[in-house]
Amino acid sequence: MSTGQGVQLDALDARLIELLAEEPRIGVLECSRRLGVARGTVQARLDKLVERGVISGFGPEISPAAIGFGVTSFVTLEISQRDGHDLVAAHLAAIPEVLEAHTITGSSDLLCRIVARSNTDLQRVIDQIVSYEGIRRASTIIALAEQITYRTLPLVRSAAQR
């Protein structure tokens, strides 16, 4: 995870990341051929990008809807400040439908992205979330359609241009 210290990317880093994003199963040798650089250069760059936390994984990207979780929602949680965030985060991490949770500023304490099989199932997930005594209140917003999927390549391209 990044510490907030900006990592500088150059054009080769950006091209390598883009190639890996477009073809995740590509090998280092094929990357070097397509990028026109030595295999050792590609491997060294890749190792540094992983070490610096720029690349955080190589696993497949999963579509929750494709495996039956067609309802996406965002839930803000107000928590008991006395218990802190860590215990609530551990409770949330034990719920498979909680895809991510972030500590936030404003009137709520946490923002979660959750999925469910249906609106009825969403109620079950929300009930499971709020069953923890450290959570005082939840507010849920159901996403109707995804307009822009989670993406980072435009950000990588921008960072490499600076």
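Residues numbered from 1 in each chain as written. Predicted model: local features only at pLDDT ≥ 70, side-chain atom pairs only at ≥ 80, totals over all residues. Heavy atoms only, no water.

Caption draft 1: The packing of helix α1 (residues 11–22) against helix α3 (residues 39–51), seen in detail. Where α1 contacts α3, the axes come no closer than 11 Å and their chain directions differ by 85°. Judged by the angle between their axes, α1 and α3 are roughly perpendicular. Residues L12, D13, L16, I17 and L20 of α1 pack against T41, V42, R45, L46 and L49 of α3. Among the residues forming the contact of α1 with α3, the class breakdown is seven nonpolar, one polar and two charged. (Axes fitted to C-alpha atoms, helices over the stretch in contact; angles between N-to-C directions. Helix = DSSP H or I, 4+ residues; strand = E, 2+ residues; numbered from the N terminus. Parallel < 35°, antiparallel > 145°, perpendicular 65-115°, else oblique. Contact = heavy atoms within 4.5 Å. Nonpolar A, V, L, I, M, F, W, Y, C, P; charged D, E, K, R; others polar.)

Caption draft 2: Here's a closer look at the sheet that holds strand β4 (residues 135–143). Here we have four strands laid out as an open sheet, ordered β2-β3-β1-β4, and antiparallel in their pairing. A single partner strand is all that each edge strand has here, and the edge strands are β2 (98–103) and β4. Taken over all neighbouring pairs, the strand axes of this sheet differ in orientation by 20° on average, direction set aside. Of the strand pairs in this sheet, β2 and strand β3 (residues 110–116) are connected by five bridges, and their pairing is antiparallel. When the bridges of β3 are listed, H102 appears paired with L111. Contacting β1 (71–79), β2, β3 and β4, helix α4 (residues 85–93) crosses the sheet at an angle of about 5° to β3. (Pairing = 2+ DSSP bridges.)

Caption draft 3: Expanded view of the side chain of S32. Structurally, the position occupied by S32 is in helix α2 (residues 28–35). Ignoring anything within four residues of it in the chain, the contact list for S32 reads V37, A38, R39 and V42.

Caption draft 4: Molecular detail of the packing of α2 against α3. Between α2 and α3, whose axes approach to 8 Å, the crossing angle comes to 110°. The angle between α2 and α3 places the two elements in the roughly perpendicular class. Crossing angle aside, the handedness with which α2 passes α3 is right-handed. Touching V28, L29, C31, S32 and L35 of α2 are R39, V42, Q43 and L46, all from α3. (Left-handed = near helix turned anticlockwise from the far one by under 90°.)

Caption draft 5: Region of interest: the layout of surface pockets. Its volume calculated, the largest pocket comes out at about 2,300 Å³. Along its surface, the largest pocket is lined by 50 residues, and E61, R113, Y150, R151 and T152 are the ones closest to its centre. Those elements that place two or more of their residues in the lining of the largest pocket are α1, β1, β2, β3 and α6 (153–161). Counting residues per element, the lining of the largest pocket draws most heavily on α6, which supplies four residues. When its residues are assigned to classes, the lining of the largest pocket shows 29 nonpolar, 13 polar and eight charged. (1 Å grid on protein atoms, 1.4 Å probe; cavity = no way out; pocket = protein on both sides within 12 Å on 5 of 7 lines; lining within 4 Å. Points joined across faces, edges and corners; volume = space filled by probe spheres on them.)

Caption draft 6: Here's a closer look at the pattern of salt bridges. This structure, assessed with the given rule, holds nine salt bridges. The salt bridge involving D10 is made with R45; its shortest N-O contact spans 2.8 Å. Taken together, the residues span a long stretch of sequence, with D10 in the segment before α1 and R45 in helix α3 at a distance of 35 residues. For E97, the salt bridge goes to R124, with nearest N and O atoms at 2.8 Å. Linking E97 in the loop between α4 and β2 with R124 in helix α5 (residues 119–130), this pair joins segments that are 27 residues apart in sequence. On the accessibility criterion, E97 (9% relative accessible area) is buried. Residue class for R124 comes out partly exposed when judged on its relative accessible area of 37%. The structure contains a network of salt bridges with shared partners spanning E23, E30, R33 and R34. (Salt bridge = Lys/Arg side-chain N within 4 Å of Asp/Glu carboxyl O. Buried < 20%, exposed > 50% of the residue type's maximum accessible area, 1.4 Å probe, protein only.)

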